[in-house]
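Summary of structural features
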Amino acid sequence: ASGGNGTGGEGGGGGRSGCCRREMVLAAFRRALCHCAEWRGTGARRRRAERAILTLKRVANDPSGPLLSLITAADNDENNLEMVPVRLQGMVLLVDVLPKHPAMFNDATMDSIILPAIYKAVTPDPKLVRIVNFGPFTHRVDDGIPLRRAGCKALGTMIMMTAAAAPDVSKTVSSTVALSTAATAAAKETSRKGAALRNCLARLLAGLAEYDGDEAILAWRIVQDISARPSTSSALLLIANELPSRVLNKIKTLLKASKGNDAAADRSRDVLRECVRALYSITQIPGVGRCEAFMDFFERVKQTTLLNAMLKAILSSNDAAGRDGNSSRRRRGDENGRRSSGK
């Protein structure tokens with residue numbers, strides 16, 4: 001499946017059939033690693049799962065092996081449209097596998113192949129846009145939308161993994177002692193992870209400024225997910241002051257488009273709602289008060305009639321959810337008390 005370029009001809013990938021074989025290989029690799037993660041915690045299967053993971057890890061980091069060959073060939077293939085499903089399957093693999101096996105790819109593989117593949121997936125490609133002629137009118141079709149959605153999810157996974165790991169790495173280096181060999185290596189690792197995190201956040205910022213519809217909603221929800229975790233939320237402070245200048249024009253465009261009763265206006269309001277929810281979640285991160293440009297921007301958001309109404313609805317919903325949660329906990333406590341007294 002790793003041979004050929006998917007363009008047909010003797011010894012090639014056999015056109016679409018070659019792409020299908022590549023998709024099946026990536027899907028099989030993903031399923032194997034997911035099953036190994038499940039078996040890793042069970043007694044009889046534990047050793048077999050660990051051996052299988054080590055074998056798959058060697059395959060995953062072999063520059064000339066089938067997995068990386070599939071990913072790099074799919075990214076470099078000139079038949080962009082045919083290779084989109086293969087690239088999509090690669091992003092799905094990363095989303096499913098990396099949380100279960102964070103150390104699956106070594107640093108060299110991550111920096112030279114995995115991250116560039118994610119960056120390419122989330123970047124709009126004009127070659128994947130086509131115009132369909134229906135006679136009296138034409139329709140613009142973007143075949144890259146599913147790939148960008150999967151790429152956004154992979155990007156969010158990478159941000160959360162890197163942000164969660166960076167503090168642990170930074171603790172290994174003391175600023176008050178001379179750098180030993182181990183400390184120097186730790187400092188380099190911290191620098192590498194920091195650079196990767198900044199690059200990933202920059203790509204997320206670009207998506208927030210460029211994406212429309214479902215893609216924009218997904219990008220803003222990734223921001224919400226990052227801010228909701230104490231181990232990763234501080235990463236957003238790196239881009240908080242850049243956020244206003246990057247998304248202001250997009251928000252203005254959405255506000256204009258939201259004035260109506262058609263489906264496009266409804267979708268614009270959906271995007272704005274997720275945007276406001278994400279901006280509010282950033283204001284809850286400890287230390288955000290130092291990001292003066294962002295806090296000033298959020299005050300402007302609250303002064304916009306539609307956005308302020310959305311914010312109030314979000315806060316009201318959060319309060320109601322909190323009250324429901326407290327009521328449920330009290331009911332469970334009362335039930336446990338009655339059972340205890342019955343005994």
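Just so we're clear, the structure is a prediction, and the values are computed from it rather than from any experiment.

**Some details on the overall build of the protein**
Summing up its helical and strand segments, the protein has twelve helices and two strands in all. Helices and strands appear in the protein in the N-to-C order α-α-α-α-α-β-β-α-α-α-α-α-α-α. Every one of the 343 residues in the protein was classed for burial, and the buried ones make up 41%. In the form shown here, the protein has an accessible surface area of approximately 18,400 Å², with 53% of it arising from carbon and sulfur atoms.

**Things to note about the packing of helix α8 (residues 213-228) against helix α10 (residues 263-283)**
The contact between α8 and α10 brings their axes to 9 Å, and the two run at 15°. Judged on the interaxial angle alone, α10 and α8 are roughly parallel. When the axes of α8 and α10 are compared, the crossing they make is left-handed. Contacts between α8 and α10 involve G213, D214, A216, I217, W220, R221, V223, Q224 and S227 on the former and, on the latter, R267, D270, V271, E274, C275, R277, A278, L279, S281 and I282. Across the contact of α8 with α10, the residue classes tally to nine nonpolar, four polar and six charged.

**Some points on the packing of helix α9 (residues 243-257) against helix α11 (residues 292-302)**
As a packed pair, α9 and α11 sit with axes 10 Å apart at the nearest point and diverge in direction by 25°. With respect to their mutual orientation, α9 and α11 come out roughly parallel. Here α9 contributes L243, P244, V247, L248 and I251 to the contact with α11, which in turn contributes A293, F294, F297 and R300. Class assignment for the residues of the contact of α9 with α11 results in eight nonpolar, no polar and one charged.

**Points about the pairing of strand β2 (residues 138-142)**
Taken together, the five bridges between strand β1 (residues 129-133) and β2 define a ladder with antiparallel strand orientation. Its bridge partner lying in β2, V132 is registered against H139. Here β1 folds back onto β2, and the loop between the two strands holds four residues, one of which, G135, carries a positive phi near 90°.

**Remarks on the nonpolar core**
Membership of the largest hydrophobic core comes to 86 residues, with the highest contact counts inside it found for M91, L94, F105, I114, W220 and L279. With sequence-adjacent residues up to four places away left out, F105 is seen in contact with A60, N61, L67, L68, L94, L98, M110 and I114.

**Some words on the side chain of H101**
Residue position: H101 is located in the loop between α4 (80-97) and α5 (107-122). Taking relative accessible area as the criterion, H101 reaches 4% and is therefore assigned buried. Here L33 takes part through its backbone oxygen, which lies 2.9 Å from a polar atom of the side chain of H101. The contact partners of H101, leaving out residues within four places of it in the chain, are L33, A37, R40 and I53.

**Examining the pattern of salt bridges**
As enumerated under the stated definition, the model contains 14 salt bridges in all. Between D214 and R267 there is a salt bridge whose closest N-O contact spans 1.8 Å. On the criterion of sequence distance, the pair formed by D214 in helix α8 and R267 in helix α10 is long-range, its members being 53 residues apart. A relative accessible area of 32% means that D214 is categorised as partly exposed.

**So, the layout of surface pockets**
The rolling of a water-molecule-sized probe over the atoms marks out the regions of remaining empty space. A volume near 310 Å³ is recorded for the largest pocket. As for the largest pocket, its lining consists of 21 residues, of which E210, Y211, D212, G213 and E215 are closest to the centre. Looking at which element gives the most residues to the lining of the largest pocket, the answer is α10, with five residues. In terms of residue class, the lining of the largest pocket is made up of eleven nonpolar, two polar and eight charged.

**Quick word on a positive patch on the surface**
The grouping of R45, R47, R48 and R51 at the surface amounts to a positive patch. With respect to the helices, strands and loops of the structure, R45 is situated in helix α2 (residues 43-60). The exposure class assigned to R45 is partly exposed, which follows from its relative accessible area of 40%.

**What about the side chain of S227?**
Examined against the element boundaries, S227 turns out to sit in helix α8. Relative accessible area serves as the criterion here: at 12%, S227 is assigned to the buried category. A polar contact of 2.9 Å, which involves the side chain of S227, links it to the backbone oxygen of Q224. Not counting chain neighbours up to four residues away, the residues in contact with S227 comprise S233, L236, S281 and I285.

**What about the confidence of the model for the protein?**
Of all residues in the protein, 78% have pLDDT values of 70 or greater, and the mean over the chain is 82. Taken element by element, the protein is modelled with least confidence in helix α12 (residues 305-342), mean pLDDT 72, and with most confidence in α11, mean pLDDT 96. Counting contacts from residues 1-14, a segment whose pLDDT is below 50, to residues more than four positions away or on other chains yields 30 contacts.

Scoring rules and cut-offs
Residues numbered from 1 in each chain as written. Predicted model: local features only at pLDDT ≥ 70, side-chain atom pairs only at ≥ 80, totals over all residues. Heavy atoms only, no water. Helix = DSSP H or I, 4+ residues; strand = E, 2+ residues; numbered from the N terminus. Buried < 20%, exposed > 50% of the residue type's maximum accessible area, 1.4 Å probe, protein only. Areas by Shrake-Rupley, 256 points an atom, 1.4 Å probe, with all protein chains shown as cover. Axes fitted to C-alpha atoms, helices over the stretch in contact; angles between N-to-C directions. Parallel < 35°, antiparallel > 145°, perpendicular 65-115°, else oblique. Left-handed = near helix turned anticlockwise from the far one by under 90°. Contact = heavy atoms within 4.5 Å. Nonpolar A, V, L, I, M, F, W, Y, C, P; charged D, E, K, R; others polar. Pairing = 2+ DSSP bridges. Core = buried A, V, L, I, M, F, W, Y, C linked by side-chain atoms within 4.5 Å. Polar contact = N/O pair within 3.5 Å; in protein donor to acceptor, adjacent residues only side chain to side chain. Salt bridge = Lys/Arg side-chain N within 4 Å of Asp/Glu carboxyl O. 1 Å grid on protein atoms, 1.4 Å probe; cavity = no way out; pocket = protein on both sides within 12 Å on 5 of 7 lines; lining within 4 Å. Points joined across faces, edges and corners; volume = space filled by probe spheres on them. Patch = residues over 30% accessible without salt bridge, like charges linked within 9 Å, V, L, I, M, F, W, Y side chains within 5 Å. Lys, Arg positive; Asp, Glu negative; His and termini not counted. Charge placed at Lys NZ, Arg CZ, Asp CG, Glu CD. pLDDT = per-residue confidence, 0-100.

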